[in-house]
Amino acid sequence: MPLILHRLERILLQTLAELGETNLEKLTSNSNLNIDQVRRAIEWLKSKGLIEIKSISREKISLGENGKKVLINGLPEKRLIKTLLQIGGRANFQELKNAFPIDGQEFNAALGYAKEKGWIRFSSIEGKTFIEIVSEPTITTEEVLLERLSKGDVFLDELSQEDLKTLKVLIKRPNYITQKSIKTIQLKLTQLGEQTVKSLKKKREIDTLTPELIISGKWREYVLRPIDVVSPTPPIYPGKKHPVQRFIDEVREIFISLGFEEIDGPLIQPCFWNFDALFTPQDHPAREMQDTFYLSKIKAKSIGSDKIVENVAKVHLNGGNTGSKGWGYQWNRELAEGLVLRTHTTAVTVKYLADFKPSEARVFSVGRVFRNEKTTFKHLAEFHQIEGIVVGKRVTLRDLMGLLSCFYSRLGLKKVKFWPSYFPYTEPSLQSVVYIDRLGKWVELCGMGIFRPEVTLPLGVKNPVLAWGGGLERLVMLRYGVDDVRKLYENNLSWLRGLPICL
Ligand code: PHE
């Protein structure tokens, strides 16, 4: 694939080709781009292997405090000459010192420099030393360099041989100059970079093809810059549904597509629908307070039609006309009127059967259920179940296994099997399990079976009813490889953002 270059990259490549190895400052000023554009383009060029970047350390030279003063007041040796001129161009040591009030050491230094520059000489008359002017001072290289530094810092490697000599002198003088090591980068074209520059088209590049360009035919004078559609861009996180909700939608899609209808029911249920109608005896351990959330101080006003309540009471006592012996105890209506947060969605299913007494049906529901459990990585006190039934004259357990295999396979779970289980309301009862490669084990998915006649007959349902129900969160966890169920509801933004919509 030919290299696609951004406008900024082309400019930098060309500038680098003109400059040869250079630094960031020079590249920036010569390319007429701003520093951010240059930095950005440098990164791109580097990742494409077109330029090489070396980090080097450079000596930066700046004006020191005294250097700045000299620029205002003049070099001490010059000021000394000026004073000497004022007192007649010749003076002895003491006279000059009096006329030029400056710190002793500096006075000596000024004398030394003036002498060295050949502006004065010492003569001795009758044992006394005189200082006299030999020539008028001219502009010195020191002043020139100081002046240059006053306009901005200079790097050591930018100085000429002459300048370096001057710098050596200035560095000896106290605080005229400061020097600091700075890390900078050096850039140059790689071989690939050089080849690329050569192959760059001479025509100007444009990003947009306008109607004017087409009509006037001017487009022929330009090259249209190709766009690199695979180059990375900043990520965008648009709003999206929570993964659990997305999964619920997916479950709905599957059942609807299999010809099912969705049913719904209240979260609060009388014990009657949650337990009694499901042939769960009133002393069953699942009804205990430590397993189930009860509503205190409130009872259901009505639980079901008199007929159904009577039938259920009989079934619990002696099996009624179902052919069963029942549980053999006197059923207590008051207990059935207790209200609970539903512990399974089967309460919704069984109420549906009682209300519609279907001879044929395919319905499902997805909803929240509650269990009085400690929250752990495996369990939540509030979670979702997927539940459903198929009613029909000739439906069999085999149909149920086939249906669930089909459902799981649509969710991507292919290795499913069923093993015997127990529920008070189904006979036979099964448990579906799925093999998860990542975990290397079988994972339980849902309970299922054919509703016992003790459940269906009191409600007036004659045909067999295939029923199943199981947790939804576990399926979501398998989908996203989550090992702690609490993670689903932590609302950890980065996790939520990172989840793909499609797997
Ligand atoms: N209600 C059962 C549970 O909560 C599942 C189930 C539903 C089992 C229907 C059999 C038939 O685990």
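Please read all numbers here as calculations on a predicted model, not as lab measurements.

**Let's talk about the overall build of the chain**
Right, on to step 1. Within the chain, the secondary structure is distributed over 20 helices and 19 strands.
Right, on to step 2. Relative to the 2.2 N^0.38 estimate, which gives 23 Å for 503 residues, the radius of gyration of the chain is 47 Å and therefore markedly larger than a compact globule would have.
Right, on to step 3. Expressed as a percentage of the 503 residues in the chain, the buried residues total 44%.
Right, on to step 4. Summarising the internal contacts of the chain: among those between residues at least 6 apart in sequence, 67% fall at separations of at least 24.
Right, on to step 5. Working note: accessible area of the chain is about 28,300 Å², and carbon and sulfur atoms make up 53% of it.
Right, on to step 6. For the chain, the distance from the average site of its 74 positive side-chain charges to the average site of its 59 negative ones is 2 Å.

**Some points on the sheet that holds strand 4 (residues 120-125)**
Sheets are built from strands that pair by backbone hydrogen bonding, the pairs being arranged parallel or antiparallel.
Right, on to step 1. What the 3 strands build is an open sheet, ordered 3-5-4; its pairing is antiparallel. Both edges of this open sheet fall to strand 3 (90-92) and strand 4, since each of them pairs with a single strand only. Averaged over all adjacent pairs, the angle separating strand axes in this sheet is 30°, with direction ignored.
Right, on to step 2. Relative to strand 5 (residues 128-133), strand 3 runs antiparallel, the two being bridged by 3 bridges. Along strand 5, the bridge assignment pairs N92 with F130.
Right, on to step 3. Its contacts with the sheet place helix 5 (residues 76-86) against strand 3, strand 4 and strand 5, and it is angled at close to 105° to strand 5.

**Focus on the packing of helix 1 (residues 7-19) against helix 2 (residues 24-31)**
Right, on to step 1. Where helix 1 meets helix 2, the closest approach of the two axes is 10 Å, and the angle between their N-to-C directions is 115°. When the interaxial angle is binned, helix 1 and helix 2 end up roughly perpendicular. Note on packing geometry: the crossing formed by helix 1 with helix 2 is right-handed. Touching I11, L12, T15, L16 and L19 of helix 1 are K26, L27, N30 and S31, all from helix 2.

**Regarding the domain arrangement of the chain**
Right, on to step 1. As assigned here, the chain comprises domain 1 (7-50 + 190-212), domain 2 (76-133) and domain 3 (260-491).
Right, on to step 2. Taking only C-alpha atoms into account, the centre of domain 2 sits 113 Å from that of domain 3.

**Examining the site of the ligand**
Right, on to step 1. Near the ligand you find 13 residues, and of these H344, T346, R371, Q385 and Y425 are the closest.
Right, on to step 2. Between H344 and the ligand, the recorded distance is 3.0 Å, taken from a side-chain N or O atom to a nitrogen atom.
Right, on to step 3. If one sorts the elements of the shell around the ligand by residue count, strand 19 (residues 465-471) sits on top with 3 residues.
Right, on to step 4. Taken together, the residues of the shell around the ligand break down into 5 nonpolar, 6 polar and 2 charged.

**Some details on the pattern of salt bridges**
Right, on to step 1. Following the criterion strictly, the structure yields 26 salt bridges and no others.
Right, on to step 2. Residue E143 is joined to K78 by a salt bridge in which the shortest nitrogen-to-oxygen separation is 3.0 Å. Here the residue E143 occupies a position in helix 8 (residues 141-150), and K78 occupies one in helix 5, the gap between them amounting to 65 residues. Neither residue differs from the other here; E143 and K78 are each classed as buried.
Right, on to step 3. We note a salt bridge from E162 to K165, for which the minimum N-O separation is 3.5 Å. In this pair, E162 and K165 both sit in helix 9 (residues 161-172), 3 residues apart, roughly one turn of the helix.
Right, on to step 4. With a relative accessible area of 54%, K165 lands in the exposed category.
Right, on to step 5. Within the structure, one salt-bridge network assembled from shared partners comprises E77, K117, E142 and R173.

**Quick notes on helix 7 (residues 104-116)**
Helical geometry: 3.6 residues make up each α-helical turn, so side chains three or four residues apart lie on a common side.
Right, on to step 1. The end-to-end C-alpha separation of helix 7 is 18 Å, in line with the 18 Å expected for 13 residues at 1.5 Å each.
Right, on to step 2. Among all positions of helix 7, only F107, A110, L111, Y113 and A114 are buried.
Right, on to step 3. On its buried face, helix 7 is in contact with helix 5, helix 6 (93-99), strand 4, strand 5 and helix 9.
Right, on to step 4. Where helix 7 terminates, the next one or two residues include G118, which has phi positive at roughly 75°.

**Section: the nonpolar core**
Right, on to step 1. In terms of nonpolar packing, the biggest core is built from 46 residues, with F255, L404, F407, Y408, W468 and L472 touching the most fellow members.
Right, on to step 2. Grouped together as the second largest cluster of nonpolar side chains are 34 residues, W331, A361, I389 and V391 included.

**Digging into the packing of aromatic side chains**
Right, on to step 1. Applying the stated criterion across every chain yields a total of 15 aromatic pairs.
Right, on to step 2. Centroid distance F255 to F364: 5.1 Å. Interplanar angle 25°. Geometry classified as stacked. You can see F255 sitting in helix 12 (residues 243-257) and its partner F364 sitting in strand 14 (residues 361-370), a full 109 residues away along the chain. Like F255, the residue F364 is buried in the burial classification.

**Considering the sheet that holds strand 17 (residues 426-436)**
Right, on to step 1. On the basis of which strands lie adjacent, the open sheet formed by 7 strands has the order 10-14-15-19-18-17-16 and mixed pairing. Looking along the sheet, the strands with just one partner apiece sit at the ends: strand 10 (261-262) and strand 16 (416-420).
Right, on to step 2. Examined bridge by bridge, strand 10 and strand 14 share 2 bridges and lie parallel to one another. By the bridge assignment for strand 14, E261 is matched with V363.
Right, on to step 3. Its contacts with the sheet place helix 12 against strand 10, strand 14, strand 15 (382-391) and strand 19, and it is angled at close to 165° to strand 14.
Right, on to step 4. Packed onto the sheet, helix 17 (residues 397-410) meets strand 15, strand 16, strand 17, strand 18 (441-451) and strand 19 and runs at close to 140° relative to strand 18.

**With respect to the side chain of R246**
Right, on to step 1. Within the secondary structure, R246 is located in helix 12.
Right, on to step 2. Here R246 occupies a buried position and makes no salt bridge, while the nearest side chain of opposite charge, E250, is found at 7.0 Å.
Right, on to step 3. Here K241 takes part through its backbone oxygen, which lies 2.7 Å from a polar atom of the side chain of R246.

**Focus on unusual backbone geometry**
Right, on to step 1. E427 connects to P428 through a cis peptide bond whose omega is -5°.
Right, on to step 2. By secondary structure assignment, the location of P428 is in strand 17.
Right, on to step 3. One non-glycine residue, N491, adopts positive backbone phi at about 55°.
Right, on to step 4. Position of N491 among the secondary structure elements: in the loop between helix 19 (473-480) and helix 20 (493-498).

What counts, and where the lines are drawn
- Residues numbered from 1 in each chain as written.
- Predicted model: local features only at pLDDT ≥ 70, side-chain atom pairs only at ≥ 80, totals over all residues.
- Heavy atoms only, no water.
- Helix = DSSP H or I, 4+ residues; strand = E, 2+ residues; numbered from the N terminus.
- Rg over C-alpha atoms; globule rule 2.2 N^0.38 Å.
- Buried < 20%, exposed > 50% of the residue type's maximum accessible area, 1.4 Å probe, protein only.
- Contact = heavy atoms within 4.5 Å.
- Areas by Shrake-Rupley, 256 points an atom, 1.4 Å probe, with all protein chains shown as cover.
- Lys, Arg positive; Asp, Glu negative; His and termini not counted.
- Charge placed at Lys NZ, Arg CZ, Asp CG, Glu CD.
- Pairing = 2+ DSSP bridges.
- Axes fitted to C-alpha atoms, helices over the stretch in contact; angles between N-to-C directions.
- Parallel < 35°, antiparallel > 145°, perpendicular 65-115°, else oblique.
- Left-handed = near helix turned anticlockwise from the far one by under 90°.
- Domains from an automatic or database assignment.
- Near = heavy atom within 4 Å.
- Polar contact = N/O pair within 3.5 Å; in protein donor to acceptor, adjacent residues only side chain to side chain.
- Nonpolar A, V, L, I, M, F, W, Y, C, P; charged D, E, K, R; others polar.
- Salt bridge = Lys/Arg side-chain N within 4 Å of Asp/Glu carboxyl O.
- Expected span 1.5 Å × (residues − 1).
- Core = buried A, V, L, I, M, F, W, Y, C linked by side-chain atoms within 4.5 Å.
- Phe/Tyr/Trp six-rings, centres within 6.5 Å; stacked < 30°, edge-to-face > 60°.

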